[in-house]
Amino acid sequence: MKKICVFFLALAVFLLPEMVYAANATPQAVNMPHVYIVFGVLFVAAVLFFTEWIPLAVTSILVPCALSTLGVITVKEAWVSFGDTSILTIVGLFMLGEATFATGFAQRVATSIINKAGASETRLLVFSILLIAFMSAFLNNAGVTAITLPMLISIARKAHLSPSRILLPTAYAASFGGCISLVGQAPSMVANGILAKMAPEYGQFAFFEFAWFGLPLTLLAALLFGLFPRFLVPPAREDVAELKEIETPEGGIHMWIAGGIYFLVIICMATGLVPLTSAAMLGAMLCVITRCMTLKQAQAGIDWTTVWLFAGMLSMSFAMNKSGAAQLIADFVVSYFSDPYILFGVLMLVTGILTNIMSNTATTAIMVPLVIPIALGMNLSPLPFVMGIAMSAAACYMTPIATPSNTLVLRPGNYTFGDYVRYGFFWQVLSFVLAVLIIPSVWPFMP
């Protein structure tokens, strides 16, 4: 870990003179003292995100503290992002998703579908993958994994199967399905919010626009798991899971009210009938008003780490633009990568590496503010690059810390770190290839 940090520090020291030279050759004014501060804060934040010496939320909040204290941006610019509409959208969706769990709606749907798979290992595997991918398209993928985990273990035992044969593929399925919609993965929501701030003229991605990549990935994965389980499914391991009884709340009418409100909000978002933020907040408040959940449950359902991380790192985009660091990076990268396809591939590769060793939300928050000015500096559309970063950050499989879903199945499946590398490498490569083939075709580089 220390060697990796030292490597990045050495790389930054080596490249900085080159960027300083580029700044001197650029007619646009660049505040170099502020640029040094921005790069320093960004590097320290990246190291802290990677090592997690302090909580991720604390690191993200320290970013606007440092940038405003050191005079790179004003106090208002540092903290205005915490009231941003994108933040409120994320908060509303977290609360809305909590209502489906609190009433038992999500659990009931999962149980009824999984039980139809019977005792066939292959059929159970494919059913589970499609179910969890579908649920992850509409609900937080970590929450989906958490509520289906005891059910999958129980069903595997009844079918005389080792849970290790099912749990890792379904954790991957949560990532596949999370790439289908705006709300499936935190990186998608974070990337969409930053895009709206830094390149408002290009708008935002629609609710199901992510499905151009996520849906083919999900369907292809289900097909491959069904055809080649021998090569793609981990071997049977000793069952070490401590199975607890599945507590499905007896929601009654509230269960169906919560489900109805949730899908009504999805329809409003997908069709544009109601603005994203208003739809998310209205749905969450309707669930409280109709007693589908209490206000305390709604607040407990919010993933505050994602919220603080997103809000804190938005201040970095202000700092990079105001200091000229964004333009400096763009000019430097453009001087080395003139071909948009090569640039696209390199950025996705870097994101894929980073997201497997630190939070995928943190990776998105760091990479998207960097890539947008690079694209604009080359007179290219930022849309394919932002989508590529978001999908690379979301589709990560090679370590147990790459996603919360990967972490949740580590102990119940009795997996090792090597299992994630061995079985995740194929999906990492497949996701990369699909992204290179699909994303530039749907969102062309030329605006």
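(A) Local environment of the overall build of the protein chain. Helices and strands together make up the secondary structure of the protein chain, namely 22 helices and zero strands. For the protein chain, with 447 residues in total, the buried portion stands at 57%. Long-range pairs, those at least 24 residues apart, make up 80% of the contacts in the protein chain with a sequence separation of at least 6. Summing over all exposed atoms, the protein chain offers an accessible surface of approximately 18,600 Å²; the carbon and sulfur share of this is 69%.

(B) The environment of Phe-105, seen in detail. Relative to the helices and strands, Phe-105 is located in helix 6 (residues 105-114). The class of Phe-105 is buried, set by a relative accessible area of 13%. Setting aside chain neighbours within four positions, we find Phe-105 in contact with Thr-100, Met-255, Trp-256, Gly-259 and Phe-263.

(C) Structural view of the nonpolar core. By size, the foremost hydrophobic cluster in this structure holds 137 residues, and its most contacted members are Leu-67, Phe-176, Met-313, Met-316, Ile-372, Phe-385 and Trp-427. For this core, the element with the most residues is helix 19 (residues 360-377), which contributes ten residues.

(D) Structural detail: the packing of helix 7 (residues 121-138) against helix 11 (residues 211-227). Remark: helix 7 packs on helix 11, axes separated minimally by 9 Å, with the N-to-C direction vectors making an angle of 165°. It follows from the interaxial angle that helix 7 and helix 11 lie roughly antiparallel. Here helix 7 runs over helix 11; the crossing is right-handed. For the pair formed by helix 7 and helix 11, the contact residues are Thr-122, Leu-125, Val-126, Ile-129, Leu-130 and Ala-133 on the first element and Thr-218, Ala-222, Phe-225 and Gly-226 on the second. Of the residues in the contact of helix 7 with helix 11, the class split is seven nonpolar, three polar and no charged.

(E) Geometry of the packing of aromatic side chains. Overall, the coordinates contain 22 aromatic pairs when judged by the stated rule. Centre to centre, the rings of Phe-82 and Trp-308 are 5.8 Å apart; their planes meet at 40°, and the pair counts as tilted. Taken as a pair, Phe-82 in the loop between helix 4 (75-79) and helix 5 (85-102) and Trp-308 in helix 16 (residues 304-323) lie far apart in primary sequence, 226 residues in all. Each member of the aromatic cluster is reached from another via a ring pair, and the members are Phe-105, Phe-134, Phe-138, Phe-207, Phe-208, Trp-256, Tyr-262 and Phe-263.

(F) Looking closely at unusual backbone geometry. Even without being a glycine, Arg-291 presents a positive backbone phi close to 65°. On the secondary structure map, Arg-291 appears in the loop between helix 14 (276-289) and helix 15 (295-300). Here Asn-379, not a glycine, exhibits a phi torsion of approximately 60°, which is positive. Within the element layout of this structure, Asn-379 appears in the loop between helix 19 and helix 20 (383-394).

(G) Structural view of the pattern of salt bridges. Within this structure, the stated rule accounts for four salt bridges. Here Glu-77 and Lys-322 are joined by a salt bridge, their closest N and O atoms 3.1 Å apart. Separated by 245 residues along the polypeptide, Glu-77 in helix 4 and Lys-322 in helix 16 bring together distant segments of the chain. A relative accessible area of 47% means that Lys-322 is categorised as partly exposed. When the shortest N-O distance is used, the salt bridge between Arg-237 and Asp-419 registers 2.8 Å.

(H) Here's a closer look at a nonpolar patch on the surface. On the surface, Leu-223, Leu-227, Phe-228 and Phe-231 cluster together to form a nonpolar patch covering roughly 430 Å² of accessible area. Looking at where Leu-223 falls in the secondary structure, it is placed in helix 11. Look at Leu-223 and you get partly exposed, because its relative accessible area is 47%.

(I) Highlighting helix 3 (residues 56-69). The terminal C-alpha atoms of helix 3, which comprises 14 residues, lie 20 Å apart, in line with the 20 Å expected from a rise of 1.5 Å per residue. For helix 3, the full list of buried residues reads Leu-56, Ala-57, Thr-59, Ser-60, Val-63, Pro-64, Leu-67 and Ser-68. Two residues or fewer after helix 3 comes Gly-71, characterised by a positive phi angle close to 80°.

Calculation notes
Residues numbered from 1 in each chain as written. Predicted model: local features only at pLDDT ≥ 70, side-chain atom pairs only at ≥ 80, totals over all residues. Heavy atoms only, no water. Helix = DSSP H or I, 4+ residues; strand = E, 2+ residues; numbered from the N terminus. Buried < 20%, exposed > 50% of the residue type's maximum accessible area, 1.4 Å probe, protein only. Contact = heavy atoms within 4.5 Å. Areas by Shrake-Rupley, 256 points an atom, 1.4 Å probe, with all protein chains shown as cover. Core = buried A, V, L, I, M, F, W, Y, C linked by side-chain atoms within 4.5 Å. Axes fitted to C-alpha atoms, helices over the stretch in contact; angles between N-to-C directions. Parallel < 35°, antiparallel > 145°, perpendicular 65-115°, else oblique. Left-handed = near helix turned anticlockwise from the far one by under 90°. Nonpolar A, V, L, I, M, F, W, Y, C, P; charged D, E, K, R; others polar. Phe/Tyr/Trp six-rings, centres within 6.5 Å; stacked < 30°, edge-to-face > 60°. Salt bridge = Lys/Arg side-chain N within 4 Å of Asp/Glu carboxyl O. Patch = residues over 30% accessible without salt bridge, like charges linked within 9 Å, V, L, I, M, F, W, Y side chains within 5 Å. Expected span 1.5 Å × (residues − 1).

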